[in-house]
Amino acid sequence: MCTRSFVSFPTKYRRRLKMKLALLSVILCLLFTASTISGQNPGLQVRLTSNGINFAKDIALGFLRDVINKLKLPDFSGKNFAISNVRVRSFTFGSSTVTAKSPNVFKVAVKGASAYATANWRAWTKVWFINFRASGTGKVSAKVDLEQTIGLGRSSDKPALSAGECKSPITSFDIDLEGSNFFEDWLYNLVLSFFEGTIRRELQSKICPEIAKALAEQSKKLSSEFQPDFPLVFGTNVNLGLVSNPAVTSNSITLALRGRCYPKSMPSLSFPFNPPTVPAITTTSQMARISISPYVMNTLLYSMWKSNVLKKSFSQQQLTVALGSTLTANTLAPFFPTLAPYGNQPLQAEVRASQAPRAQFTTTGIQISGKFDIIAGPSSAPQAATISTNVDFTAQPRLTNGVISGSISNVVVVITNAGVLPDQVLNQINQLIETFLSAQIVPAVNEVTGAGFELPSFYGYSFYGATITTKTNALEIGSNFRKTPPSTTSRPITPYRPRPRPCKRIRSPGQNNDRNFNDFRIQEVLQRIDGDDYLCEV
């Protein structure tokens, strides 16, 4: 449909670029980078459910809209006309779907998207010796069917997004030429036909290349900025990398991640165990599910052991406070003869892991088993005796208001080198050590884990409604995403402090204003108040 009208050019639209693709990239790549080991079981799996895919789809559509809204076509000119400042002013979507195309590719399809563009036009001709000129604005309303496939993959140890097949046919194209002095129908039809032909073809041909260019730039940015190693606690990092390409289905996207912890001082540390098979991820309505295998925690515990983190020393005073009475060499000498020569001398001790503890996830929590030596002796012989124990901890993870935390709820100790002792005596010693560990070791661990780790916010979005559960061989975190609510913490208000009034120069009665400074009856000094200089009376 083509109409003539005499309306002035509308005010230019003010557009702002949104961080939509950045968020999409974070959702898809937040937990995927690092080296790849063919055939290795993952330490973690991250799955976007159908609800998560729909959330990511909306972000992808926002990105596509921003790209198309920035389209700028070149200027055109002919013998009798010129068209300039061709701009896409707005782009809105109709119905949209996301479908899987292959194991690591998905397709975003949009039907009936609406594009609105404007351009300036000028035309001229000469009849006899008279020059005729006309100018105005062309307004274009178009319908576009858009299909874009996006590949999720890896490049070396970095994530990669790639633009695949793209189609952007324009299904309808309406033009409204606004201006004045349409002195010749043939000139009007010339401008109109140029819009219907060249402008339409140029607009259609620009959409897909611009999308591919933007995806390539974003993938390059991710590759250069996103780092595969994230700091944890006790001087360790965790390396989160894909061990296989992302798996895309019609209702999920699954990332298999390495999840290997290591000491910062020993990045090439090898482990005497491999990741177990991760059980199937629980199906829920949450947007994302993260399944963590014991491998992640066991590499963390092994790294802490190798870094000599799993040890703690206790002075004689600390032992007395922990046990409620003074522990002397005579107390343990019947069971550990090497302490006999030290009589009533009070003992000090050091607890250290003789082997790296191992963790298992169960339906009731996290079970951690370890071998710990308690090295005791007086200050004159601090390593006089070694008490070897097997210690079992029970830990409970929690996730409250977006903060992951945990605490040790139970400790069981069995002495392994006390010789042949009556059960009653052995139980008493075990109870003594359990009391010691519960009073000293457990609070130290809970102090670190109890504060927890807050789930991050990124690009204005955050997790919400997060849950945490344990099951056999897996710890699972589920969550949705939303825009981060505005902070409820008010900015501190600086108390009002009146600005001191400037001091005045006071002259002696009868003194003329042209007298020298030294003739003033009062002394004046320079005082700095709030960064300004004033002459003040003293």
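Residues numbered from 1 in each chain as written. Predicted model: local features only at pLDDT ≥ 70, side-chain atom pairs only at ≥ 80, totals over all residues. Heavy atoms only, no water.

A. Region of interest: the environment of Ala-82. By the secondary structure assignment, Ala-82 is in strand β5 (residues 81-92). In the structure, Ala-82 is positioned 53 residues away from Ser-135 in sequence and 9.4 Å away in space, judged by C-alpha atoms. With residues up to four places along the chain from it excluded, the contact list for Ala-82 reads Phe-76, Ser-77, Asn-120, Trp-121, Arg-122 and Trp-124. (Helix = DSSP H or I, 4+ residues; strand = E, 2+ residues; numbered from the N terminus. Contact = heavy atoms within 4.5 Å.)

B. Representation of helix α4 (residues 294-306) in the model. The first and last C-alpha atoms of α4 sit 18 Å apart over 13 residues, in line with the 18 Å expected at 1.5 Å per residue. Across the 13 residues of α4, 10 count as buried, placing the element largely inside the fold. Packed against the buried residues of α4 are β2 (44-48), β12 (236-239), β15 (260-263), β16 (288-292), β19 (358-362) and β20 (365-377). One or two positions beyond α4, positive phi appears at Asn-308, with a value near 60°. (Expected span 1.5 Å × (residues − 1). Buried < 20%, exposed > 50% of the residue type's maximum accessible area, 1.4 Å probe, protein only.)

C. Just the sheet that holds β12, in detail. Pairing in this open sheet of three strands is antiparallel, and the strands run β11-β12-β15 from one edge to the other. The sheet is open, and its two edges are formed by β11 (229-231) and β15, each paired on a single side. Pairwise comparison of adjacent strand axes, ignoring direction, gives a mean angle of 30° for this sheet. Where β11 meets β12, three bridges bridge the pair, whose relative direction is antiparallel. Bridge pairing in β12 links Pro-231 to Asn-237. Together, β12 and β15 form the strand contacts of α4, whose direction differs from that of β15 by roughly 10°. (Pairing = 2+ DSSP bridges. Axes fitted to C-alpha atoms, helices over the stretch in contact; angles between N-to-C directions.)

D. Main features of the state of the cysteines. What the rule picks out here adds up to one disulfide. Disulfide pairing is shown between Cys-166 and Cys-208; the S-S distance is 2.1 Å. One disulfide, between Cys-166 and Cys-208, carries an S-S torsion of -75° and so falls in the left-handed class. With Cys-166 in strand β9 (residues 158-167) and Cys-208 in helix α3 (residues 185-225), the pair connects residues that are 42 residues apart, well separated along the chain. Judged by its relative accessible area of 23%, Cys-166 is partly exposed. Take Cys-208: its relative accessible area is 16%, and that puts it in the buried class. (Disulfide = S-S within 2.5 Å.)

E. Expanded view of the pattern of salt bridges. Considering all chains together, one arrives at five salt bridges under this definition. Of the charged contacts, one joins Arg-352 and Glu-350 as a salt bridge, the two residues approaching to 2.3 Å between their closest N and O atoms. When salt bridges that share partners are traced, they join Arg-289, Lys-471 and Glu-476 into one network. (Salt bridge = Lys/Arg side-chain N within 4 Å of Asp/Glu carboxyl O.)

F. Quick peek at a nonpolar patch on the surface. A grouping of Val-127, Trp-128, Phe-129 and Ile-130 is seen on the molecular surface, where their side chains present a nonpolar patch of about 530 Å² in accessible area. Exposure remark for Ile-130: the relative accessible area of 39% places this residue in the partly exposed category. (Patch = residues over 30% accessible without salt bridge, like charges linked within 9 Å, V, L, I, M, F, W, Y side chains within 5 Å. Areas by Shrake-Rupley, 256 points an atom, 1.4 Å probe, with all protein chains shown as cover.)

G. Focus on the packing of aromatic side chains. Applying the stated criterion across every chain yields a total of 11 aromatic pairs. On the basis of an interplanar angle of 80° and a centroid distance of 6.1 Å, the ring pair of Phe-273 and Tyr-295 is categorised as edge-to-face. One end of the pair, Phe-273, is in the loop between β15 and β16; the other, Tyr-295, is in helix α4, and 22 residues separate them in sequence. A cation over an aromatic ring shows up here: Arg-358 above the ring of Phe-273, its NZ or CZ 4.6 Å from the ring centre. (Phe/Tyr/Trp six-rings, centres within 6.5 Å; stacked < 30°, edge-to-face > 60°. Lys NZ or Arg CZ within 6 Å of the ring centre and 35° of its normal.)

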